[in-house]
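Summary of the model geometry
Here are the chains, one letter per residue:
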Amino acid sequence: MGWPGVAIALALPGVTGCLWLRLLWPVPKPGRWPLLIGYGYLLGLTAIALLLGLWGRLGSELTVYPVLLVLGLMSLLAFHLFRSRATATVARSEYGTAAQRLSVGQRILLGAILLWLVLRIAGLALEVWWEPLFPWDAWTTWGLRARVWSELRELVPFIAPSDWLADDSGRAQTIAAWRYPTTVSLIATWSVLAFGQWNETAANLPWVGCILALALGFYGQVRFWGAPAPTAIVFTWLLLSLPLLNSHVALAGYADLWLATTLGFAFMSFLHWSRDGDRRQGLLSVMLLAVSLSIKVEGLIWALLFLPALLATKVRGRWLIATAALIGILALAVWMSGGIDFEIPFMGLAQLGPDRIELPYLGQFNLSALQSWEPMLRHFLLYGNWHLLSYLLAIAVALSLFKLTLSRSEAWQRAGLTWVLTSLFAFFGLFAWTDAAAWASDSTSINRVFLHFVPGLIFWLMTVWMSLQTRDEVPAS
């Protein structure tokens, strides 16, 4: 099919996802279309991976045509449902009036930022077009599986090295990370199948779509929050200007950008649900958390971090403090008792003890005394990977804690701050109290893991900024 086939294969999932999400928001609203396109692309491509995986596990030859047929039928069905539903209409004059309130200087500034964003993404797209499959995990895991599947046109299994040595079928393959989820590899396989033969540019192009989806979905959710267009564009620029985020697009092939986008979208929808009780946003949050489990094994742990935030939406004041104290007492009891073992449904045995944590698929982490903070301080306070994000987070957390002690807190404020604090605690606990500290010292994983939280953290920074404004300054969405 060549490059036209790749364009169709990458565009159609986004169109299908966008049409189905439009059924949730039929009434025009500022930020609706960017949100629908961003979320639709991500959900559409992960649905493609699911369909392609199901098709391959049936023993059928891997090809794009059956999946394209299903996508086409789903798009037609979504379009028919939308046309047949009686929907309310809203005059579009609100968009014009919002634009007229911007001064000439604001329009010039916003135009300059938009131009910067377009040029930045275009530059990243050229890097993807020119660069070979370069990153380590890309050609040892994610891209390697995509090449095997696209070359053989068969979803051959990847098994443990010991099982591979004993296998006499000649079909199985093995890699070091043979237990990693397959979604990202299937996404790369999809675009290669559309091209017709193995091509590293075709395999990497979905990463350009992912950064576009992140930008549009982020902007749309900021507008849904009630922020004016200038605020939404500035915070989108703050996100897309981060050097490490850019490098995960230019050096495409890692799964971390997909997990960061999925978790970020899940947190944005979760925060909307906790503020407005919008079931549509709650549904999106649950769907995206489920998707995160299929991207990387860390997705399970990061999804569990939403449970304390969910609890914070229901509990406030003294009860929240008492609940946190009870959790601390239970953790201390587990530590003093020597640890516990328990079974996680569909996954396996987990062990928590004073000297180790062992989780299915993630492996074992040996706990030890506090490791050196020096590598983390260098990465987040001195190096340029994150610009000034660490300093902004410290200020925002301090302001939020101070504000919550002075006034009655709302559910979304407690939920947002709880998610931020538990995420940071889990992250720094991993690199400070386990043998994963070596990944910080040699700079191999610490920044890649932190990237998973970054879109959600910047969205939370936006909500803190908006909460500091007076109600008169915040236009109704």
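Residues numbered from 1 in each chain as written. Predicted model: local features only at pLDDT ≥ 70, side-chain atom pairs only at ≥ 80, totals over all residues. Heavy atoms only, no water.

What about the overall build of the protein?
A tally of regular secondary structure across the protein gives 22 helices and four strands. Among the 477 residues that make up the protein, the fraction classed as buried is 49%. Considering only contacts in the protein between residues 6 or more positions apart, those separated by 24 or more positions represent 72%. For the protein, the exposed surface amounts to about 22700 Å²; the carbon and sulfur share of it is 68%. (Helix = DSSP H or I, 4+ residues; strand = E, 2+ residues; numbered from the N terminus. Buried < 20%, exposed > 50% of the residue type's maximum accessible area, 1.4 Å probe, protein only. Contact = heavy atoms within 4.5 Å. Areas by Shrake-Rupley, 256 points an atom, 1.4 Å probe, with all protein chains shown as cover.)

Here we look at the pattern of salt bridges
For the coordinates displayed, the defined rule picks out nine salt bridges. Close ionic contact of K296 with E298 constitutes a salt bridge, the shortest N to O distance being 3.7 Å. (Salt bridge = Lys/Arg side-chain N within 4 Å of Asp/Glu carboxyl O.)

Focus: helix 6 (residues 136-152)
Residues spaced three or four apart along an α-helix face the same direction, because each turn holds 3.6 residues. Here helix 6 contains 17 residues, and its C-alpha end-to-end distance of 23 Å stays within 8% of the 24 Å for a straight helix at 1.5 Å per residue. Of all the bends in helix 6, the largest measures some 50° and sits at G143. Buried residues of helix 6: D137, A138, T141, W142, G143, R145, A146, V148, W149 and S150, and no others. Residue R153 follows helix 6 closely and has a positive phi angle near 55°. (Expected span 1.5 Å × (residues − 1). Bend = angle between axes of the 7 residues up to and from the residue.)

Points about the packing of helix 1 (residues 2-22) against helix 3 (residues 65-84)
Running from amino to carboxyl end, helix 1 crosses helix 3 at an angle of 25°, the nearest separation of the two axes being 9 Å. As judged from the angle between their axes, helix 1 and helix 3 are roughly parallel. In this structure, the crossing between helix 1 and helix 3 has a hand that is left-handed. Between helix 1 and helix 3, the residues in contact are L12, P13, T16, L19, W20 and R22 and L68, L71, G72, M74, S75, L77, A78, L81 and F82, respectively. Each residue belonging to the contact of helix 1 with helix 3 can be placed in one class, and the counts come to eleven nonpolar, three polar and one charged. (Axes fitted to C-alpha atoms, helices over the stretch in contact; angles between N-to-C directions. Parallel < 35°, antiparallel > 145°, perpendicular 65-115°, else oblique. Left-handed = near helix turned anticlockwise from the far one by under 90°. Nonpolar A, V, L, I, M, F, W, Y, C, P; charged D, E, K, R; others polar.)

Concerning the side chain of R414
With respect to the element layout, R414 can be found in helix 19 (residues 411-433). Of the side chains with opposite charge, E410 comes closest to the buried, unpaired R414, at an N-O distance of 8.3 Å. Of the polar contacts made by the side chain of R414, one reaches the backbone oxygen of T313; its length is 3.3 Å. (Lys, Arg positive; Asp, Glu negative; His and termini not counted. Polar contact = N/O pair within 3.5 Å; in protein donor to acceptor, adjacent residues only side chain to side chain.)

Observations concerning unusual backbone geometry
Even without glycine at this site, H387 takes up a positive phi of about 55°. Looking at the element boundaries, H387 is found in the loop between helix 17 (374-382) and helix 18 (389-406). Residue H387 is classed as partly exposed on the basis of its relative accessible area of 42%.

A look at the nonpolar core
Grouped together as the largest cluster of nonpolar side chains are 130 residues, with contacts concentrated most on W190, L245, W258, W386, F450, F459 and W460. The biggest single contributor to this core is helix 9 (residues 200-225), with 15 residues. Here W190 is in contact with A9, L10, P13, L45, I48, L52, V64, V67 and L68, once residues within four sequence places are set aside. (Core = buried A, V, L, I, M, F, W, Y, C linked by side-chain atoms within 4.5 Å.)

A word on the packing of aromatic side chains
Applying the stated criterion across every chain, the model contains 29 aromatic pairs. Where W225 meets F459, the ring centres are 5.9 Å apart and the plane angle is 85°; that geometry is what we call edge-to-face. Of this pair, W225 sits in helix 9 while F459 sits in helix 22 (residues 454-468), and the two are 234 residues apart along the sequence. With centroids separated by 5.6 Å and ring planes inclined at 85°, the aromatic side chains of F270 and F306 adopt a geometry described as edge-to-face. With a gap of 36 residues between them, F270 in helix 12 (residues 256-276) and F306 in helix 15 (residues 306-314) connect regions that are remote in the sequence. Overall, the relative accessible area of 7% leaves F270 in the buried class. Seen from the ring of F224, K29 lies directly overhead, with NZ or CZ sitting 4.3 Å from the centre. (Phe/Tyr/Trp six-rings, centres within 6.5 Å; stacked < 30°, edge-to-face > 60°. Lys NZ or Arg CZ within 6 Å of the ring centre and 35° of its normal.)

Some words on the environment of S285
For S285, the location among the structural elements is in helix 13 (residues 279-293). C-alpha of S285 to C-alpha of L271: the two residues are 14 residues apart in sequence and 9.1 Å apart in space. Not counting chain neighbours up to four residues away, the residues in contact with S285 comprise A266, S269 and F270.

Points about the packing of helix 1 against helix 9
Close contact between helix 1 and helix 9 brings their axes to 11 Å; oriented N to C, the two are set at 25°. Judged on the interaxial angle alone, helix 9 and helix 1 are roughly parallel. Relative to helix 9, the crossing made by helix 1 is right-handed. Across from W3, V6 and L10 in helix 1, the residues of helix 9 making contact are T201, A202, L205 and P206. For the contact of helix 1 with helix 9, the class distribution of residues is six nonpolar, one polar and no charged.

Details of a nonpolar patch on the surface
On the surface, W373, L377, L381, L382, Y383, L388, Y391, L392, F425 and W433 cluster together to form a nonpolar patch covering roughly 1000 Å² of accessible area. Going through the elements one at a time, helix 17, helix 18 and helix 19 are the ones with two or more residues in the nonpolar patch. Examining the composition of the nonpolar patch, we find that three residues originate from one element, helix 17, more than from any other. Mapped onto the secondary structure, L388 falls in the loop between helix 17 and helix 18. (Patch = residues over 30% accessible without salt bridge, like charges linked within 9 Å, V, L, I, M, F, W, Y side chains within 5 Å.)

Some points on the side chain of T231
Within the secondary structure, T231 is located in helix 10 (residues 229-240). Relative accessible area serves as the criterion here: at 14%, T231 is assigned to the buried category. If we ignore the near neighbours within four places in the chain, the residues touching T231 are W465 and M466.

Digging into helix 2 (residues 32-57)
With 26 residues, helix 2 ought to run about 38 Å at 1.5 Å a step, and its terminal C-alpha atoms sit 37 Å apart, in line with that. At the exit of helix 2 stands G59, carrying a positive phi of roughly 90°.

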